[in-house]
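Descriptive structure summary
So the chains spell out like this:
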Amino acid sequence: MNRLKTLIKDTLAARGFKLQRISLPGQNLSSVFKAVKARNGSNRGVVIDVGAHKGLFVKETMAAMPAWKIVAFEPNPVCYRGLCKIADDHPELTVLNCGLGSTRGTMTLNVHQHSDSSSILSADGTYARLYPDQMAVADQIEIEVSTLDDWASGSSDEERVIDLVKLDVQGYELEVILGAEALFKRTASLIVEAALTPAYQSGVMIDELCHELFLRGFRVRYAFDVYPASLDLFLENENIKD
């Protein structure tokens, strides 16, 4: 989504408006890592990156928590290969080439001209209307889709608390949540990109997303990286005691 945000910023600037990235003091990704480490209380932990793309969040996590285990899910085979190159030098990183949802199966990934906006869902709403070229589908790829609960059932971390899950799947977040009912009961913290305006057909919006997470024990601590169309939320699971 970064390129699309740049396009929005440039369009507004041409009309005399200035778009500013807002993060209140102490409320950014660094403060998320600080909170997650403090809650963990040790030098070892587990982070799951759902929608890893080219590995920006993976790299930031490794820099902040170098000894922690990271599991990254990425369905785009081109991005997956790039992540594998990162994993070659970082044994704590495991990369899986699959999508995640509420059920197992095969689905079509719409790969957009800007690959960071690629989604299982079809583009719609603000982005598609304003930037049809950038949101145009460059390719469609059949991908394997699993669930976080299926992965966890065969993982060596099946019983332990998951310290942090990051979700950035372009409107498909609710489906991932529905496929992670068991895992989220032992997930301490969550980062999720929440949509403020429609960008994908049937994509979940911030109100429904927060409601579903509230029902599962998650409470919003703060928002960061706030943009006109989306923001990142940091949530903690109140059902997990420190």
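Check the entry above for the structure.
As a starting point, this report considers the structure included with it. (Residues numbered from 1 in each chain as written. Predicted model: local features only at pLDDT ≥ 70, side-chain atom pairs only at ≥ 80, totals over all residues. Heavy atoms only, no water.)

Take the side chain of Ser118 next. With respect to the helices and strands, the residue Ser118 is situated in the loop between strand S5 (105-112) and helix H5 (125-130). For Ser118, a relative accessible area of 12% translates into the label buried. Within polar-contact distance, the side chain of Ser118 engages the backbone nitrogen of His112 at 3.1 Å. Within polar-contact distance, the side chain of Ser118 engages the backbone oxygen of Ser115 at 2.9 Å. Residues within four places of Ser118 in sequence aside, it is in contact with Leu109, Asn110, Val111, His112 and Gln170. (Helix = DSSP H or I, 4+ residues; strand = E, 2+ residues; numbered from the N terminus. Buried < 20%, exposed > 50% of the residue type's maximum accessible area, 1.4 Å probe, protein only. Polar contact = N/O pair within 3.5 Å; in protein donor to acceptor, adjacent residues only side chain to side chain. Contact = heavy atoms within 4.5 Å.)

Glancing now at the sheet that holds strand S1 (residues 46-50). Taken in spatial order, the seven strands line up as S3-S2-S1-S7-S8-S10-S9 in an open sheet, and their pairing is mixed. Each having just a single partner strand, strand S3 (93-96) and strand S9 (218-224) make up the two edges of the open sheet. Averaged over neighbouring strand pairs, the angle between their axes works out to 20° when direction is ignored. With seven bridges connecting them, strand S8 (residues 187-195) and strand S10 (residues 230-237) associate as antiparallel partners. Pairing of Ala194 across the sheet is with Leu231, part of S10. Contacts from helix H2 (residues 29-40) reach strand S7 (162-167), S8, S9 and S10 within the one sheet, and its direction differs from that of S10 by about 10°. (Pairing = 2+ DSSP bridges. Axes fitted to C-alpha atoms, helices over the stretch in contact; angles between N-to-C directions.)

Geometric descriptors of this kind do not, in isolation, establish any biological role.
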